[in-house]
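# Examining the three-dimensional arrangement
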Amino acid sequence: MIKDNIIEIRRGLPEGVKLVAVSKFRPAEELRQAYDAGQRVFAESRPLEFEAKVKALPADIEWHFIGHLQTNKLRHVLPYAHLIHSADSLRLIEAMNRFATTNSLTVNILLEVHVGLEQTKQGFAPAEVADILRTCADMKGIRVCGLMGMASHTDDTVRIEEDFAAMERLWNECRALPFTPECFTELSIGMSDDYRIALRHSATMVRIGSAIFLQ
Ligand SMILES: *Cc1c(COP(=O)(O)O)cnc(C)c1O
């Protein structure tokens, strides 16, 4: 039951850690069940599905976007999104900044960082992140609120622990930089299978899909 899953997961989260319900590919009816269980933060990964759900569901939901975002799809997402977790290239951030200034918006983003083993993953290399933060400091339409990362797709918990530890270290380093904005407070790490490990590494948001909707 979706409701029971949410209650159970909530019980295991420390104060101040936000549960982001990843509702991609789930029908609106299931989001409604989660909503009725008190869940107000949802994340989607496809622009058109995101926009359709925003329009179909109650207005007090806080919508997050976690998928790869193409620059020609910004209008489906940016006007409604509280937070974009998946800012994964400077080109995308520049396009979001232009959209934001043209439309009098401020776009809250997390920089997606690539720490896992997979070669193909989107995101910035850890060594690039400081430069990106400095560049973003001059963008009026963009607020960098923190970092997002995914651990390697593996059962090896030691490896997962290392990936999250690397994210945590980088996040702390970023917070000490002079050009990092005050709003840079979020660390979005942890999914259904590994969020308990992420909690040991300063996660402030966990993104959970299957443990809510598929169990
Ligand atoms: C799908 C997805 C999740 C949720 O994954 P689960 O294993 O279903 O909890 C979290 N983050 C991102 C970026 C995703 O694409």
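Below is a summary of the structure that appears in this document. (Residues numbered from 1 in each chain as written. Predicted model: local features only at pLDDT ≥ 70, side-chain atom pairs only at ≥ 80, totals over all residues. Heavy atoms only, no water.)

Note on pairing: side chains with opposite charge can pair once their charged atoms come close. Scanning the model with the defined rule gives 10 salt bridges in all. One salt bridge in this structure joins Asp 163 and Arg 159, with 2.8 Å as the shortest N-O distance. Placement of the pair is Asp 163 and Arg 159 together in helix 7 (residues 157–175), with a separation of four residues, close to one helical turn. For Asp 163, a relative accessible area of 2% puts it in the buried group. (Salt bridge = Lys/Arg side-chain N within 4 Å of Asp/Glu carboxyl O. Helix = DSSP H or I, 4+ residues; strand = E, 2+ residues; numbered from the N terminus. Buried < 20%, exposed > 50% of the residue type's maximum accessible area, 1.4 Å probe, protein only.)

Moving on, we get to the site of the ligand. The immediate surroundings of the ligand are formed by Val 22, Lys 24, Ile 66, Met 150, Met 191, Ser 192, Arg 207, Ile 208, Gly 209 and Ser 210. In the model, a nitrogen atom of the ligand is placed 2.9 Å from a nitrogen or oxygen of the Arg 207 side chain. With respect to the ligand, the backbone of Gly 209 contributes an N or O atom lying 2.8 Å from an oxygen atom. Within the complex, the protein chains bury 83% of what would otherwise be the 390 Å² of accessible surface of the ligand. In terms of residue class, the shell around the ligand is made up of five nonpolar, three polar and two charged. (Near = heavy atom within 4 Å. Polar contact = N/O pair within 3.5 Å; in protein donor to acceptor, adjacent residues only side chain to side chain. Areas by Shrake-Rupley, 256 points an atom, 1.4 Å probe, with all protein chains shown as cover. Nonpolar A, V, L, I, M, F, W, Y, C, P; charged D, E, K, R; others polar.)

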